[in-house]
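So you can see what is in the structure, the chains are spelled out below.
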Amino acid sequence: MRNSKIVAIGHHVPENIITNQYLSTVMDTNNDWIVERTGINERRWMDPSKDTVANMAAKATRMALERAKLTEKDIDFIVFATITPDYFFPGSGVLLQRELGLESIGALDIRNACSGFIYALSVADQFIKTGMYKTILVVGAEIQSTALDITTRGRNTAVIFGDGAGAVILQPSDKPGILSTHLHSDGRFAEELYVKDPGSSRPHQERQPEQITDTSTFKVVMNGNQVFKHAVVRFMEVINEALEANNLSKEDINLLVPHQANLRISQYIQEKLALSNDQVYNNIMRYGNTTAASIPIALSEAWAEGKIKENDLICLAAFGSGFTWASALIRW
Ligand code: COA
């Protein structure tokens, strides 16, 4: 079987910077609370006059293509991870395909929230390894800001989430690249972090905006304590699973790029794995939690800053709504 390798990475974030200071003018919150509990200083929120999930994904893709001296025409399949598509249907993959001017290539959407990018990478990895495709575009892109309750009622989620996009290109390779991916879920906790509507399982009249009175409608609902407790356990489990599957140990990791859920979660994992500050990449301070986009944005920035070198062992890990959690080990 062939190997698959990440040959390019890119990202794009909206220009519109939302500071903690700004949030404290529209809801009862403050900079100290946000920084202490989450590590976030600012995040980007979309500008409705220019940003869509698909066009941010296209900009991230073009950065990746340029860095690898590839063109749109080289792409023969798209895997698009998002839980905030531009339309309820069709999916974002086809919108990106149109945006990139590509004709008739397959496009698949993945809806696994914060673990979505690793799920998408895993699917693309299998397609490359079996020889089905040669150049796959894997994207994570989200616009969360329009599903946030930007009032004191929604402050436990409104301060956390941000918008952005990241993209990687996968191709076959002689040498190992993606060593393994590990995917998990536990749907018993689906409602601990979710957006209820537009859901389809209730009668039409109950789903009319004027009939809907509970706060979960169209907005992110999160039981922060539960999410935190499960996240720290599952992150560690799935990283150890990946190391064991490859007969490697935590000492072999050159760089851990965790999903940017909360700086305290990243710091907990860092301590458990006894990694130095240089061995864990965090950018949640600047972007907040961008769900499926967080890992590819972080990877792209880490690479641009020279923190990822040939032959390094890179570990990706994520946890989020579902609950879902996942990891990937990559020999760069
Ligand atoms: N500003 C100020 N106060 C806030 C606030 C905000 N933005 N959001 C909540 N609070 C208040 C609460 O109302 C509560 O007040 P009370 O004590 O008077 O009832 C107090 O702060 C503590 O709330 P709590 O939810 O217990 O805080 P916490 O320490 O658990 O931190 C999170 C909240 C959301 C930061 C934390 O639970 C967390 O990070 N969870 C994981 C979230 C995550 O990673 N999600 C993404 C998964 S992919």
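As recorded in an unreviewed UniProt entry, the protein chain goes by the name Beta-ketoacyl-[acyl-carrier-protein] synthase III, listed as coming from Pseudochryseolinea flava. Here the protein chain is described in UniProt, under the heading Pathway (unreviewed entry), as follows: "Lipid metabolism; fatty acid biosynthesis." A UniProt comment under Subunit (unreviewed entry) is attached to the protein chain, and it reads "Homodimer."

### Some thoughts on the overall build of the protein chain
For the protein chain, the count of helices and strands is 10 helices and 13 strands. Taken against the 2.2 N^0.38 rule, which gives 20 Å for 332 residues, the C-alpha radius of gyration of the protein chain at 19 Å falls within 12% of a compact globule. Projected onto the principal axes, the alpha-carbon positions of the protein chain cover approximately 55 × 50 × 35 Å. Across the 332 residues of the protein chain, 55% fall into the buried class. Considering only contacts in the protein chain between residues 6 or more positions apart, those separated by 24 or more positions represent 77%. Both charge centroids of the protein chain, one from 32 positive and one from 38 negative side chains, sit 1 Å from each other.

### Here's the deal with the sheet that holds strand β6 (residues 136–142)
With mixed pairing, the five strands of this open sheet are ordered in space as β1-β7-β6-β4-β5. A single partner strand is all that each edge strand has here, and the edge strands are β1 (3–12) and β5 (106–110). Taking the axes of each pair of neighbouring strands and ignoring which way they run, one obtains an average angle of 20 degrees across the sheet. Strands in contact with helix α5 (residues 116–129) are β1, β4 (77–81), β5, β6 and β7 (164–173); relative to β6, the strand with the most contacts, it is inclined by about 170 degrees. Set on the sheet, helix α10 (residues 294–304) makes contact with β1, β6 and β7; between it and β1 the angle comes to about 90 degrees.

### Brief notes about the UniProt feature "active site" (unreviewed entry) in the protein chain
Here the UniProt feature "active site" (unreviewed entry) sits at Cys114, His259 and Asn289. Across 176 residues of sequence, these annotated residues stay compact in space, with a maximum C-alpha separation of 8.7 Å. Mapped onto the fold, Cys114 is located in the loop between β5 and α5. Accessibility expressed as a relative area gives 6% for Cys114, which makes it buried. The contact partners of Cys114, leaving out residues within four places of it in the chain, are His259, Asn289, Thr291, Ala292, Ala318, Phe319 and Gly320. Judged by relative accessible area, which is 1%, His259 ranks as buried. In contact with His259, other than residues within four places in its own chain, are Cys114, Phe235, Ser266, Asn289, Thr291, Ser294, Ile295, Ala317, Ala318 and Phe319.

Criteria and cut-off values
Residues numbered from 1 in each chain as written. Predicted model: local features only at pLDDT ≥ 70, side-chain atom pairs only at ≥ 80, totals over all residues. Heavy atoms only, no water. UniProt positions renumbered as here; feature names shortened; annotations may be inferred. Helix = DSSP H or I, 4+ residues; strand = E, 2+ residues; numbered from the N terminus. Rg over C-alpha atoms; globule rule 2.2 N^0.38 Å. Buried < 20%, exposed > 50% of the residue type's maximum accessible area, 1.4 Å probe, protein only. Contact = heavy atoms within 4.5 Å. Lys, Arg positive; Asp, Glu negative; His and termini not counted. Charge placed at Lys NZ, Arg CZ, Asp CG, Glu CD. Pairing = 2+ DSSP bridges. Axes fitted to C-alpha atoms, helices over the stretch in contact; angles between N-to-C directions.

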